[in-house]
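The residues making up each chain are set out below.
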Amino acid sequence: RRSTARSHTLTPVVKHPNLCVHTCVSSCRRLSTPKSVIGQDSVQVLDHSYPRDDFTNVTPKILEKVGRNLHNQSHHPLWLIKERIKAHFYSSYVGRWGTPLFSVHDNLSPVVTTEQNFDSLLIPPGHPSRKRGDNYYLNRTTMLRAHTSAHQRELVRSGLDAFLLAGDVYRRDEIDASHYPVFHQMEGVRLFSNHELFSRVQNGGELSLFERRGRRTPEKQETHTLEAVKLVEFDLKRTLTQLVSHLFGADLEIRWVDCYFPFTHPSFEMEVRFQGDWMEVLGCGVMEQELFKTFRSAALGLYGLCPLRLTFSEDLVETLFRQIVNYCLFVQPLSKYPPLHNDISFWLPDSREGFTENDFYELVRSIGGDLVEKVSLLDDFTHPKSGRRSQCYRIIYRHMERTLTQQEVRLVHQQIEHAAESELGVQGRY
């Protein structure tokens, strides 16, 4: 599971009278990516320069991914799933003139301000999702977006009231088949007018989206009527159920779970039955009305799940089309070659405030790259007398095209051991 600071919402607000429908799909040709460089005093990303400061933690490995826009590369699996979602919305939701109700935005820059990424979504200062250890900062005020919802305000302010938004997002995270520092999100936004929401309800003309001097309850916000929230919730869940059933099959077992996000109330997560367990696939909710003091907005989200490190493989398309049938996006190993594992143990530095597990994961990624399939914390031990704390991690290595030898893996592993001591201040126990 990822940070709770994710945005997927639908809200009853006054509809903008002029809907602009357009499609933003980039060329199928492979375009060269502007070079990104980390200098001594600045970070160059997508032809823009940003001054460095004490918050700068983006790495060269991550900057290599910025601008790849895999979701816009024709026939890439990410492009395919995006196009299937677009086709579903285009055919299912049509405006009064026969044009698609939802516009599409999939080429917005992943570099955003912290105000866009957090403040515009009511994520308060000090919230865990803002931590330096969980995000990639260019400096204190600029970062690589942690969710596509960072663009909601600008799109709603432009006059849009129904749109799909897709893009690459960046988070420092653990290492396994379903986590990668770069992944992709797609979310939708739909705003309702009073007429749109209640036109099919008996005596709907007597109902209203808002109420005065209302009371906040577990079911609704103080500004919304219960009737409006229940209709929006029904429409939201039906829309997402139809979408997921369209993508993964009508026989998919689905359930809804109440949850919490900082900027929605009520909030829900969809879980699907997969290999005997329930797995979260998306979240959604009614946007906090307070957000509309600065912008009118709503969103819902869809997350495709796959071995995420593979999405940036140069031969991903060939690999996936050989082994994946019918766009199966659920987590499963794709390499037929055996994994190798090596363990690493170390004492944490005496001043542990500056050490986080994500720091170690980032170091492993920067050295091992996509040879690293998973990193697991095996043991966390505190010495009863000295009070010193040690950790032991298991690193699993696997190549997609050939069998790795223990000798070559050991060379990479030794680099990780040395870098952990010199960069993180740990003391090796190997």
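Because the structure is predicted, anything quoted here is derived from the model rather than measured. (Residues numbered from 1 in each chain as written. Predicted model: local features only at pLDDT ≥ 70, side-chain atom pairs only at ≥ 80, totals over all residues. Heavy atoms only, no water.)

Draft legend 1. Main features of the overall build of the protein. Scanning the protein from terminus to terminus reveals nine helices and 19 strands. Out of the 430 residues in the protein, the part that is buried amounts to 52%. Sequence-distant contacts, at least 24 apart, represent 69% of the contacts inside the protein between residues at least 6 apart. Summed over its atoms, the accessible surface of the protein is roughly 20,500 Å², and 50% of this surface lies on carbon and sulfur atoms. (Helix = DSSP H or I, 4+ residues; strand = E, 2+ residues; numbered from the N terminus. Buried < 20%, exposed > 50% of the residue type's maximum accessible area, 1.4 Å probe, protein only. Contact = heavy atoms within 4.5 Å. Areas by Shrake-Rupley, 256 points an atom, 1.4 Å probe, with all protein chains shown as cover.)

Draft legend 2. Region of interest: the pattern of salt bridges. Applying the stated criterion to the full structure yields 23 salt bridges. Across the pair Lys-230 and Glu-233 runs a salt bridge whose closest N-O atoms are separated by 3.8 Å. Taken together, the positions of Lys-230 and Glu-233, both in helix α6 (residues 226-248) and three residues apart, correspond to about one turn of that helix. Residue classification places Glu-233 among the buried positions, given a relative accessible area of 14%. (Salt bridge = Lys/Arg side-chain N within 4 Å of Asp/Glu carboxyl O.)

Draft legend 3. Region of the structure containing helix α8 (residues 357-368). A rise of 1.5 Å per residue sets the reference length of α8, with its twelve residues, at 16 Å; its end C-alpha atoms lie 16 Å apart and thus fit the reference within 8%. Burial within α8 is extensive, with nine of its twelve residues counted as buried. For α8, every residue scored as buried is listed here: Asn-358, Asp-359, Phe-360, Tyr-361, Glu-362, Leu-363, Val-364, Arg-365 and Gly-368. Where α8 is buried, its residues contact α1 (60-63), β16 (340-347), β17 (372-382), β18 (389-397) and α9 (406-424). Two residues or fewer after α8 comes Gly-369, characterised by a positive phi angle close to 60°. (Expected span 1.5 Å × (residues − 1).)

Draft legend 4. How the structure looks around the packing of α8 against α9. The interhelical angle for the contact between α8 and α9, taken along N-to-C directions, is 135°, at an axis separation of 10 Å. By the criterion of interaxial angle, the relationship of α8 to α9 is oblique. Once α8 is placed against α9, the crossing between them reads as right-handed. On the side of α8, the interface is formed by Asp-359, Phe-360, Leu-363, Val-364, Ile-367 and Gly-368, while α9 contributes Val-412, Gln-415, Ile-416, Ala-419, Ala-420, Glu-423 and Leu-424. The residue inventory of the contact of α8 with α9, partitioned by class, reads nine nonpolar, two polar and two charged. (Axes fitted to C-alpha atoms, helices over the stretch in contact; angles between N-to-C directions. Parallel < 35°, antiparallel > 145°, perpendicular 65-115°, else oblique. Left-handed = near helix turned anticlockwise from the far one by under 90°. Nonpolar A, V, L, I, M, F, W, Y, C, P; charged D, E, K, R; others polar.)

Draft legend 5. Main features of helix α2 (residues 77-92). Taking 1.5 Å of rise per residue, 16 residues should cover 22 Å, and α2 covers 23 Å from first to last C-alpha, within 8% of that figure. Among the residues of α2, those classed as buried are Pro-77, Leu-78, Trp-79, Leu-80, Ile-81, Lys-82, Ile-85, Lys-86, His-88 and Phe-89.

Draft legend 6. Region of interest: the sheet that holds β17. Read across the sheet, four strands follow the order β17-β18-β16-β19 without closing on themselves; strand pairing throughout is antiparallel. Either end of the sheet is taken by a strand with one partner, and the two such strands are β17 and β19 (427-428). Where β16 meets β19, two bridges bridge the pair, whose relative direction is antiparallel. Within the sheet, the bridge partner assigned to Trp-347 lies in β19 and is Gln-427. Against the sheet, α9 makes contact with β16, β18 and β19, and its axis sits at roughly 20° relative to β16, the strand it touches most. (Pairing = 2+ DSSP bridges.)

Draft legend 7. Inspection of the sheet that holds strand β3 (residues 37-38) at higher detail. Ordered in space as β3-β4-β5, the three strands form an open sheet in which the pairing is antiparallel. Since the sheet does not close on itself, it has two edges, and those belong to β3 and β5 (48-51), each with one partner. By the bridge criterion, two bridges tie β3 to strand β4 (residues 42-45) in an arrangement that is antiparallel. If you follow Val-37 over to β4, its bridge partner there is Gln-44.

Draft legend 8. Highlighting the packing of aromatic side chains. With the rule as written, the count across this model stands at ten aromatic pairs. The interplanar angle of 75° and the centroid separation of 6.2 Å between the aromatic rings of Phe-346 and Phe-355 together place this pair among those described as edge-to-face. Accessibility classification places Phe-346 together with Phe-355 in one group, the buried group. Each ring, one from Tyr-361 and one from Tyr-393, has its centre 6.2 Å from the other, and the planes form 85°; the classification is edge-to-face. One end of the pair, Tyr-361, is in helix α8; the other, Tyr-393, is in strand β18, and 32 residues separate them in sequence. The pair formed by Tyr-361 and Tyr-393 is uniform in burial state, with each residue classed as buried. By way of ring pairs, the aromatic residues Phe-346, Phe-355, Phe-360, Tyr-361 and Tyr-393 are connected into one cluster. Lying over the aromatic face of Phe-268, Lys-237 brings its terminal NZ or CZ to 4.1 Å of the ring centre. Taking NZ or CZ as reference, Arg-429 lies 4.4 Å from the ring centre of Trp-347, over its face. (Phe/Tyr/Trp six-rings, centres within 6.5 Å; stacked < 30°, edge-to-face > 60°. Lys NZ or Arg CZ within 6 Å of the ring centre and 35° of its normal.)

Draft legend 9. Structural context of the confidence of the model for the protein. Looking at the protein as a whole, its pLDDT mean stands at 83, while 82% of the residues score no less than 70. Looking across the protein, the model is least confident in strand β2 (residues 23-24), with a mean pLDDT of 34, and most confident in strand β9 (residues 142-144), with 98. This model gives residues 300-311 a pLDDT under 50, and the stretch forms 62 contacts once residues within four places in sequence are excluded. Residue range residues 313-332 is modelled with pLDDT below 50. Its contacts to residues more than four positions away, or to other chains, number 35 contacts. (pLDDT = per-residue confidence, 0-100.)

Draft legend 10. The arrangement of the nonpolar core in detail. Within the largest apolar cluster, 22 residues are counted, with the highest numbers of intra-cluster contacts made by Phe-346, Phe-360, Val-364, Val-375, Ile-395, Tyr-397 and Ile-416. When residues of this core are traced back to their parent elements, those giving at least two are β16, α8, β17, β18 and α9. If one sorts the elements of this core by residue count, α9 sits on top with six residues. Setting aside residues up to four positions removed in sequence, Phe-346 forms contacts with Phe-355, Phe-360, Arg-389, Ser-390, Gln-391, Tyr-393, Val-426, Gln-427, Gly-428 and Arg-429. Grouped together as the second largest cluster of nonpolar side chains are 15 residues, Tyr-50, Val-58, Leu-144 and Val-182 included. (Core = buried A, V, L, I, M, F, W, Y, C linked by side-chain atoms within 4.5 Å.)

Draft legend 11. Structural view of unusual backbone geometry. In this structure, the amide linkage connecting His-265 to the following residue, Pro-266, adopts the cis form with an omega of -5°. Its identity as a non-glycine residue notwithstanding, Asp-47 has a phi of 70°, on the positive side. Backbone geometry at His-75 places phi at a positive 75°, although glycine is not the residue there. With respect to the element layout, His-75 can be found in the loop between α1 and α2.

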